[in-house]
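Observations on the model geometry
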Amino acid sequence: MGRTARGPIGIFALALLLSQSLASAAPAAAKQPSTDLLISRYSDLVIRYRAGGAPEAVRELASWAAEDIHRALKLVAATLGGPAELGRLADQAKPETKRRIAEDHARYGGEQAKLFYLRGAAGLHTAVAAASWREAEDAPVLEHVGLIGTYFQDLLVRLDPAYAAVWCRVGGTLLAASVHFGAALQHYDRCLAWRPHDPWLLLGRGSTLESASIAISGLPRDGTLPDWEGPQDAPGQIEKAAGDYEAALEQDADLAEARIRLARLRLHTGNLQAAARHLSLAQQNALPPVPGYWAHLLLGPAQERTGQWNDAAAQYRMALALFPDAQAAAVALGHLLAERMEARAEGLVVVREQITPSGYRTFSSDPWWLYPGGQAWRAQEWLDDFERRSRQ
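Along its length, the protein chain carries 21 helices and 0 strands. Per-residue burial for the protein chain yields a buried fraction of 51% across its 392 residues. In the form shown here, the protein chain has an accessible surface area of approximately 17800 Å², with 54% of it arising from carbon and sulfur atoms.

Below you can see the structure in the form of C-alpha cells.
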C-alpha cells in the first residue's frame, strides 16, 4: 500500500487501544453512551476522514451532542498526553490490539501513530467549522475551533510545530471571518505565545483588531461589541493593529497584505505620505486580485487628497478592471468624475452602469466587502492545504 492508504490503518490500533482501555476506566453509572462506544465511534470518524470520507464524517460529527464531543476529546487528549500512559494502556490491551500496536511501532513509531491520529482529529473538527462558516452558522465555528485549541494544541505543538502553525492560521481566520473577534484575538494571542515572530499570525491578529475597530466605530453610543472583552474604543484597536502589521513586516517585508492594511490605517489617521509609500511598495510585486483591488481602491483616496485626480481615477479604473461589478470602486470613480474632474455626465454613466439592482451579484463581486473578514479571502486555499496536511 502507499503512504496515504496506510495512514488510517496505522492509527487503527491506537483507536482500538483508546476504546478498549478507556472503557475500563469509565464510571459505570454514567447514563451516556458507554466510553468504549463513544471512543470507537469518534475514532471511526477520524479514520474515515483520513481515508477520504470527509463529507460523511463531517456531517456525522456535526450531529453529535456537544457534551459527547467534549467527553470524547477529553479522554483522547488525556490518553495521548504521554508515552508512559500509552505504554500502560498497551500492556492492558487485548492480544490483537497489541499486535497492531507492535506493527505501528515498527512502521511509524509510537509518536508517529499519535501524530496521525491528532492530525486526523484536528482536520475533522476544522472541516466541521469550515462547513458551518460556509453556511453562516457561526456557533459551531467557535465550538470546534475552540475544541482543538483546548484539547489538542499543546500536543500538536510538541509533535508537529509546523502543522500546529498552519492550524493556528486557519483557525484564527475562521473565527475572525465568523465575526468572533474576541475568540479570534484570544486564539492568536495563544498561538503567538509560542510562535511570536510568525508574520502570518501577526497579520491575523492585526486584522482581527482592525475589524473589531471597524465594528466598534459603527456601534450606537451605548452599544457594545458581542464576543469582545477588550476596550470599546476604535482608536486604541487601530494602533494595536498597526503595531502588529509593522511587526509582521519586520519578519517578512514582502507580506503585501500587511502593507495594504497598514496603509489603510495610515490613511485613516491622515498620514498620506506613509499610506502612499506602503501601497507603492505593495504594488512592486504582482498581487493576487483581491489585495490588488484593495491597493488600487486605497491609493485612489490618497491621491485624491493631494489633488492628483487623474492618477486617482486611473487607480479606480484599474480596480474595476479586476472586478467589473465592484460597487465601491464604481462609486469612488463616479464621485471623483462628477465632483472634481468636471465630468459629471461620465460619472453618471459609471454609476448607472455599475450601481443597479441585480439578482446576479455575489458577495465576492466586490472584494471591499471581504475586507473586515481578515484573511477570509484566502480561507479556501488554506483549508485545502490544511486538509492535505491532515491526511499525511
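That was the structure; now back to the text.
With 73 residues, the main nonpolar core has Tyr 42, Trp 64, Leu 124, Phe 152, Leu 156 and Trp 228 as its most contacted residues. Not counting the four nearest positions on each side in its chain, Tyr 42 is found in contact with Trp 64, Ala 72, Leu 73, Val 76, Tyr 117, Ala 121, His 125 and Phe 152. With 29 residues, the next largest nonpolar core counts Ala 256, Leu 299, Ala 302 and Ala 319 among its residues.

What follows covers the environment of Pro 231. You can see Pro 231 is positioned in the loop between helix H13 (199-217) and helix H14 (234-251). When the C-alpha atoms of Pro 231 and Ile 216 are compared, they prove to be 9.7 Å apart, with 15 residues separating the residues in sequence. Setting aside chain neighbours within four positions, we find Pro 231 in contact with Ile 216, Gln 237 and Lys 240.

Inspection of every chain in the model, using the stated rule, returns 14 salt bridges. Put simply, Asp 244 and Arg 205 hold a salt bridge, and the shortest N to O gap is 2.8 Å. Here Asp 244, found in helix H14, pairs with Arg 205, found in helix H13; they are 39 residues apart in sequence, far enough to count as distant. An identical accessibility class is assigned to Asp 244 and Arg 205; each is buried. Here Arg 264 makes a salt bridge to Glu 210, at a shortest N to O gap of 2.9 Å. Linking Arg 264 in helix H15 (residues 256-268) with Glu 210 in helix H13, this pair joins segments that are 54 residues apart in sequence. This pair shows no difference in class: Arg 264 is buried, exactly as Glu 210 is. The network of salt bridges with shared partners includes Glu 210, Glu 257, Arg 261 and Arg 264.

The backbone phi angle of Ala 136 is positive, close to 60°, even though this residue is not glycine. With respect to the secondary-structure elements, Ala 136 resides in the loop between helix H8 (110-134) and helix H9 (138-151). Of note, the phi angle at Val 179 is positive, near 65°, even though the residue is not glycine. Within the secondary structure layout, Val 179 lies in the loop between helix H11 (161-177) and helix H12 (181-194).

Applying the stated rule across the entire model yields 1 disulfide. Across the disulfide, Cys 168 is cross-linked to Cys 191 (sulfur-sulfur distance 2.1 Å). Across the disulfide from Cys 168 to Cys 191, rotation about the S-S bond amounts to roughly -85°, and the bridge is consequently left-handed. Taken together, the residues Cys 168 in helix H11 and Cys 191 in helix H12 connect sequence positions 23 residues apart.

The subject of this paragraph is the packing of aromatic side chains. As enumerated under the stated definition, the model contains 7 aromatic pairs in all. Relative to Trp 377, the ring of Trp 294 has its centre 6.3 Å away and its plane inclined at 75°; by these criteria the two rings are edge-to-face. One end of the pair, Trp 294, is in helix H17 (residues 289-304); the other, Trp 377, is in the loop between helix H20 (344-354) and helix H21 (379-390), and 83 residues separate them in sequence. On the basis of relative accessible area, Trp 294 is assigned to the buried category, the value being 0%. Taken together, Trp 294, Trp 368, Tyr 371 and Trp 377 form an aromatic cluster joined through their ring pairs. Over the ring of Tyr 49 we find Arg 391; its NZ or CZ atom is 4.9 Å from the centre of that ring.

Because each turn of an α-helix spans 3.6 residues, side chains separated by three or four positions end up pointing in the same direction. Taking 1.5 Å per residue, 19 residues should reach 27 Å; H13 reaches 27 Å between its end C-alpha atoms and fits that length. With 15 of 19 residues buried, H13 is to be regarded as a mostly interior element. Regarding H13, its N-cap is Asp 198, as a side-chain oxygen of that residue lies 2.9 Å from the backbone nitrogen of Trp 200 further along.

As a further point, take helix H16 (residues 272-282). Along H16, the residues that are buried comprise Ala 274, Ala 275, His 278, Leu 279 and Ala 282. Seen end-on, H16 carries its buried residues on one side only, within an arc spanning 130°. Looking at the buried residues of H16, the elements they touch are H14, H15 and H17.

It is worth spelling out the packing of H11 against H21 at this point. Their axes nearest at 10 Å, the elements H11 and H21 cross at an angle of 145°. As H11 runs across H21, the sense of the crossing is left-handed. Here H11 contributes Tyr 163, Val 166, Trp 167, Arg 169, Val 170, Thr 173 and Leu 174 to the contact with H21, which in turn contributes Ala 379, Trp 382, Leu 383, Asp 385, Phe 386, Arg 389 and Ser 390.

Within the secondary structure, His 278 is located in helix H16. Among the polar contacts listed, one links the side chain of His 278 to the side chain of Arg 259, at a separation of 2.9 Å. The residues touching His 278, leaving out its near neighbours within four places in the chain, are Leu 249, Arg 259, Leu 262 and Ala 263.

To continue, consider the packing of H11 against H13. Interaxial distance between H11 and H13 falls to 10 Å at its minimum, and their mutual angle equals 15°. Taken as axis vectors, H11 and H13 run roughly parallel relative to one another. As for the relative orientation of H11 and H13, their crossing is left-handed in sense. For the pair H11 and H13, the contacting residues are Ala 165, Cys 168, Arg 169 and Ala 176 in the first and Trp 200, Leu 201 and Thr 208 in the second.

Calculation rules
- Residues numbered from 1 in each chain as written.
- Predicted model: local features only at pLDDT ≥ 70, side-chain atom pairs only at ≥ 80, totals over all residues.
- Heavy atoms only, no water.
- Helix = DSSP H or I, 4+ residues; strand = E, 2+ residues; numbered from the N terminus.
- Buried < 20%, exposed > 50% of the residue type's maximum accessible area, 1.4 Å probe, protein only.
- Areas by Shrake-Rupley, 256 points an atom, 1.4 Å probe, with all protein chains shown as cover.
- Core = buried A, V, L, I, M, F, W, Y, C linked by side-chain atoms within 4.5 Å.
- Contact = heavy atoms within 4.5 Å.
- Salt bridge = Lys/Arg side-chain N within 4 Å of Asp/Glu carboxyl O.
- Disulfide = S-S within 2.5 Å.
- Phe/Tyr/Trp six-rings, centres within 6.5 Å; stacked < 30°, edge-to-face > 60°.
- Lys NZ or Arg CZ within 6 Å of the ring centre and 35° of its normal.
- Expected span 1.5 Å × (residues − 1).
- Polar contact = N/O pair within 3.5 Å; in protein donor to acceptor, adjacent residues only side chain to side chain.
- Arc of directions from axis to C-beta.
- Axes fitted to C-alpha atoms, helices over the stretch in contact; angles between N-to-C directions.
- Left-handed = near helix turned anticlockwise from the far one by under 90°.
- Parallel < 35°, antiparallel > 145°, perpendicular 65-115°, else oblique.

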